[in-house]
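What follows is each chain in one-letter form.
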Amino acid sequence: MRAHYERVVKDTEKRVRHALRTQNTQKNSPYYGAYVMPNGVYMQKHALYQIASLAAAYCCADCRYYHDEDILASILLGLDYVDSTQHENGLFDYITCNFFSAPDTAFCIGIILPMYKYLAQREALTEGEQLLKERMGKIINLGGRGLLEGGFHTPNHRWAIAGLLAQCGKLFGEEDLTRAAFQYLQEGIDCNEDGEYSEKSAGNYNGVNNQAMLFLAEALGDDSYEQHVIRNLRMMLTYWEPDESIFTANSTRFDKDRLVYPDGYYFFYLYIGAKYQIPEFIAMANYAFQVVFEKDLLSPDLLGRFLLHPELIDLEADACHTPTEYKAFYAESGIARVRRGNFSYTVMKDKSNFLYVHNGAVKLAMKIGGSFCEHRAFKAETMWEEKGEFHLHQTMRGWYYLPFPEKPATSDWWKMDNASRPKKWGPDMDIHVIVRDTEAGIDVDVRTSGVQGAPWRIELAFSGIDRLENDHLTMPIHGDEVLVLKDGYFTAANAEGSMEVGPCFGRHHFTEGKEDSEAKQAGCATIYLTDYTEFHHTISIRP
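Thresholds applied
Residues numbered from 1 in each chain as written. Predicted model: local features only at pLDDT ≥ 70, side-chain atom pairs only at ≥ 80, totals over all residues. Heavy atoms only, no water. Pairing = 2+ DSSP bridges. Helix = DSSP H or I, 4+ residues; strand = E, 2+ residues; numbered from the N terminus. Axes fitted to C-alpha atoms, helices over the stretch in contact; angles between N-to-C directions. Core = buried A, V, L, I, M, F, W, Y, C linked by side-chain atoms within 4.5 Å. Buried < 20%, exposed > 50% of the residue type's maximum accessible area, 1.4 Å probe, protein only. Contact = heavy atoms within 4.5 Å. Disulfide = S-S within 2.5 Å.

Participant: Kindly report on the sheet that holds strand β9 (residues 382-386), identifying the contributing residues and their values.
Facilitator: With antiparallel pairing, nine strands are arranged side by side in an open sheet as β9-β10-β11-β12-β20-β18-β17-β14-β15. What marks the edges here is a single partner per strand, and that holds for β9 and β15 (474-476). Geometrically, the sheet is characterised by an average inter-axis angle of 20 degrees between neighbouring strands, direction not taken into account. Relative to strand β10 (residues 389-401), β9 runs antiparallel, the two being bridged by five bridges. Residue pairing across strands places Glu-385 opposite Phe-390, the latter belonging to β10.

And the structure:
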């Protein structure tokens, strides 16, 4: 991975120049020593990212800033700012959201932990390196003590806190920190047999969870924590799209539908692949960095990790690929991922956008929308695979409140115990979808039953296209169009590729739905196929 390492060194030097340009050097400013973010905000977490990059550059003999006194001065000034913002109990604020926050403190001290560990394991340090070790160690140790106060909001926070408690307990010989880590760990790691963590966050929080597992394994001497990482990385081998991005639409967090490339997985595939001799992981690490080269991305900020694990620098392997032929159904996670060369599709349970199709140039999301009681879109309650086809089903229960049998204690609707009211049940509406492979692409079979005459719609949201055409017209697309096509097939295209869909049907143009329906997908050209229930249609998608 020598070429990868050299690119990381080069990009770290870019980060250094950026940090120096953005450091506040006004002595009368309350943010003196901090590094301003693009939005004008100063925050210790951002400062620690800059400090970690600067420290790695300062300590790396292959970097032009090796032992540069100006770099050392910038780091020390930045650490002064961080010291001034760390509360007496060791906790940090995440000023845009959380205050006296244990999870954000774990994230903060985790940023500089690799550099601290690198310096701590060195036998001979220069005066500047010794000073950095002492300053960073003080922040980490105090932060570790702060984590004893606990408190979290999300599933991944538990493991971030536990991982840093365990690390600090080992590094500083403080057993109460290690014991506190086990209070979180007794809940059990929320990584299922598929390899999916609770938040299903392929574009962000998988990395947080996987890093926490590595911290735990190393600090506690228990490699079983790395088995969660291995399962997750195996699952993620089936999440790469034909345009080299990661499939993120299944996430429950902010990364949902974001364009994310696989460079964030590079270190996990490399480290775990090397440790456990898993060739496909090493090949995936090569592939992830190839994407960095091909798309000229800023490489992951890993110089500190390379310094801590120098054995990875000269680990070489010729294989460089990700799987492009697979059909994976993760029943426990409610998702199927299928890839056939430059064509992929994803089927999901519990999602209104239940189908995504990607051919490397054009991306399609499919939704079935309409109104039935409180429901505004189809979200499959069950999903299974049968004879190679994916089945999704939802039964929407019809209901109405009935009067209380006895006079209620109040006439104020909002104070009434409406949950205890009797109900009249029915009718029920059933929606059943089958997604099947065809030689040319896929067919999507949609059948509604149980209720007659309801205006429902199939929403096809296309991103990345600039042209739409069928037998009757060709029109330019800008990304906000709403069209109802009544018959035949149409082609959605751009300069790189196209996707053909049909046959179309359009018996009404009630496309906006009820007032509280989900909005159309922003930035997408949306084609609607409309009909009145009960109906049965098969839509072919040919990438």
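Participant: Tell me about the nonpolar core, and please be specific about residues and values.
Facilitator: If you look at the biggest cluster of nonpolar residues, it comprises 120 residues, and the most contacted ones within it are Leu-132 and Tyr-269. Looking at which element gives the most residues to this core, the answer is helix α4 (residues 102-121), with 12 residues. Beyond its immediate chain neighbours, meaning those up to four positions away, Tyr-269 contacts Leu-233, Met-236, Leu-237, Trp-240, Ala-274, Phe-281, Ile-282, Met-284 and Ala-285.

Participant: Provide a residue-level description of the state of the cysteines, including the pertinent values.
Facilitator: Applying the stated criterion across every chain, the model contains zero disulfides. For Cys-59, which is in no disulfide, the shortest distance to another cysteine sulfur is to Cys-60 and amounts to 8.9 Å. A relative accessible area of 4% means that Cys-59 is categorised as buried.

Participant: Any details on the pairing of strand β18 (residues 497-502)? Residues and values, ideally.
Facilitator: With five bridges connecting them, strand β17 (residues 490-494) and β18 associate as antiparallel partners. Paired with Ala-492 across the strands is Met-499, a residue of β18. Hairpin connection, β17 to β18: the antiparallel pair is bridged by two residues. Of the strand pairs in this sheet, β18 and strand β20 (residues 536-542) are connected by three bridges, and their pairing is antiparallel. When the bridges of β20 are listed, Gly-502 appears paired with Ser-540.

That's the geometry; what it means functionally is another story.
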